[in-house]
Amino acid sequence: MNENQVRDDMVRLSKSLYDRGFSVGSAGNVSVAVHDGLLITPTNSCLGFLDAARITKIGTDGRHLSGDKPSKEIFLHRAFYETRPQTGAVVHLHSTYATALSCMGDIDVDDCIPPLTPYVVMRVGAVRLVPYVRPGDEKAGELIRDLGGKYAAVLLANHGPVVTGKDITAAVYAAEELEETARLLVILRSAKSQLLTADQVKELKTVFGSY
Ligand code: 13P
């Protein structure tokens, strides 16, 4: 896929997230790795109205090559590419239910999305809660690096999800799956829900691969 096609995919899939309420206002940012660096949505841009030509390009050395000023969460995105070589794209959202979970005081920090359904196991894997830092704080990158590439997705405490994938389609699908599972978890919070068993999770990982 050439760079123009990647830019077009970023515009198309970001708009799809915006149109269905997964992001509002100028919340959220999306990046995709290209052979000579990465493309990332500009700061304060709305995912529903991106302009392919103004998407920011950052070189492999971190220099701003073209486009508007990058998202303030560039540190977060770069930390995923640096620690997980299989990462082709990163999606950060403030989607309602995943963000609701990120604000709860009693979730399992190492595994905040329990295996409620097969697709969250297949598309997202274990999700780690990362301690709160203010949006755009370079420390977010250090916190992700400290995870050593173990997690494909995290929840930033009191802020929202960050989800990666081998390409932008996989990252967007996984972000949607995470949000919908978070919604189920919130709906089921007062019910005694049945999780997948360890054997069922193992079978999914064997058949579909693990994240
Ligand atoms: P940017 O507009 O800089 O991408 O920041 C939006 C956001 O979601 C902060 O977490």
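The structure contained in this document is the topic of the report that follows.

What counts and what doesn't
- Residues numbered from 1 in each chain as written.
- Predicted model: local features only at pLDDT ≥ 70, side-chain atom pairs only at ≥ 80, totals over all residues.
- Heavy atoms only, no water.
- Helix = DSSP H or I, 4+ residues; strand = E, 2+ residues; numbered from the N terminus.
- Expected span 1.5 Å × (residues − 1).
- Buried < 20%, exposed > 50% of the residue type's maximum accessible area, 1.4 Å probe, protein only.
- Arc of directions from axis to C-beta.
- Contact = heavy atoms within 4.5 Å.
- Polar contact = N/O pair within 3.5 Å; in protein donor to acceptor, adjacent residues only side chain to side chain.
- Disulfide = S-S within 2.5 Å.
- Near = heavy atom within 4 Å.
- Nonpolar A, V, L, I, M, F, W, Y, C, P; charged D, E, K, R; others polar.
- Pairing = 2+ DSSP bridges.
- 1 Å grid on protein atoms, 1.4 Å probe; cavity = no way out; pocket = protein on both sides within 12 Å on 5 of 7 lines; lining within 4 Å.
- Points joined across faces, edges and corners; volume = space filled by probe spheres on them.

**Focus on helix H1 (residues 3-19)**
The α-helix advances 3.6 residues per turn, and as a result positions three or four apart in sequence lie on the same side.
Okay, so step 1: Over its 17 residues, H1 runs 24 Å from end to end, which matches the ideal 24 Å to within 8%, given 1.5 Å per residue.
Okay, so step 2: If you check which residues of H1 are buried, you get Val-6, Arg-7, Asp-9, Met-10, Leu-13, Ser-14 and Leu-17. One side of H1 carries all its buried residues, which in axial view fall inside an arc of 160°.
Okay, so step 3: Tucked inside the fold, the buried residues of H1 contact strand S1 (29-34), strand S2 (37-40), strand S3 (56-59), strand S4 (64-66), strand S5 (89-92) and helix H6 (168-187).
Okay, so step 4: For H1, the capping residue at the N-terminal end is Asn-2, with a side-chain oxygen 3.1 Å from the backbone nitrogen of Asn-4.
Okay, so step 5: At the C-terminal side of H1, Gly-21 shows a positive phi close to 80°.

**Overview of the state of the cysteines**
Okay, so step 1: Applying the stated criterion to the full structure yields 0 disulfides.
Okay, so step 2: Here Cys-103 is not disulfide-linked; the sulfur of Cys-112 is the nearest cysteine sulfur, at 12 Å.

**Focus: the environment of Cys-46**
Okay, so step 1: Among the structural elements, Cys-46 can be located in the loop between S2 and S3.
Okay, so step 2: For Cys-46, a relative accessible area of 16% corresponds to the buried category.
Okay, so step 3: Linking Cys-46 and Gly-125, residues 79 residues apart in sequence, is a C-alpha distance of 28 Å.
Okay, so step 4: Aside from chain neighbours lying at most four places away, what touches Cys-46 is Tyr-18, Gly-25 and Ser-26.

**Re the site of the ligand**
Okay, so step 1: Close to the ligand lie Ser-26, Ala-27, Gly-28, Asn-29, Thr-43, Asn-44, Ser-71, Lys-72, Glu-73, His-92, His-94 and His-159, which account for all nearby residues.
Okay, so step 2: At 2.7 Å, a side-chain N or O of Ser-71 approaches an oxygen atom of the ligand.
Okay, so step 3: Here an oxygen atom of the ligand and a backbone polar atom of Lys-72 are 2.9 Å apart.
Okay, so step 4: Considered class by class, the residues forming the shell around the ligand number 1 nonpolar, 9 polar and 2 charged.

**Description of the pairing of S1**
Okay, so step 1: Across the 6 residues of S1, 5 count as buried, placing the element largely inside the fold.
Okay, so step 2: Where S1 meets S2, 4 bridges bridge the pair, whose relative direction is antiparallel. Within the sheet, the bridge partner assigned to Ser-31 lies in S2 and is Ile-40.
Okay, so step 3: Connecting S1 to the antiparallel partner S2 that follows it, the hairpin turn spans 2 residues.

**Some thoughts on empty space enclosed by the protein**
Okay, so step 1: Using the criterion set out here, one finds 1 cavity of 30 Å³ or more in the structure.
Okay, so step 2: What the largest cavity holds in volume is close to 80 Å³.
Okay, so step 3: Along the wall of the largest cavity there are 13 residues; nearest its centre are Pro-131, Val-133, Ala-140, Leu-156 and His-159.

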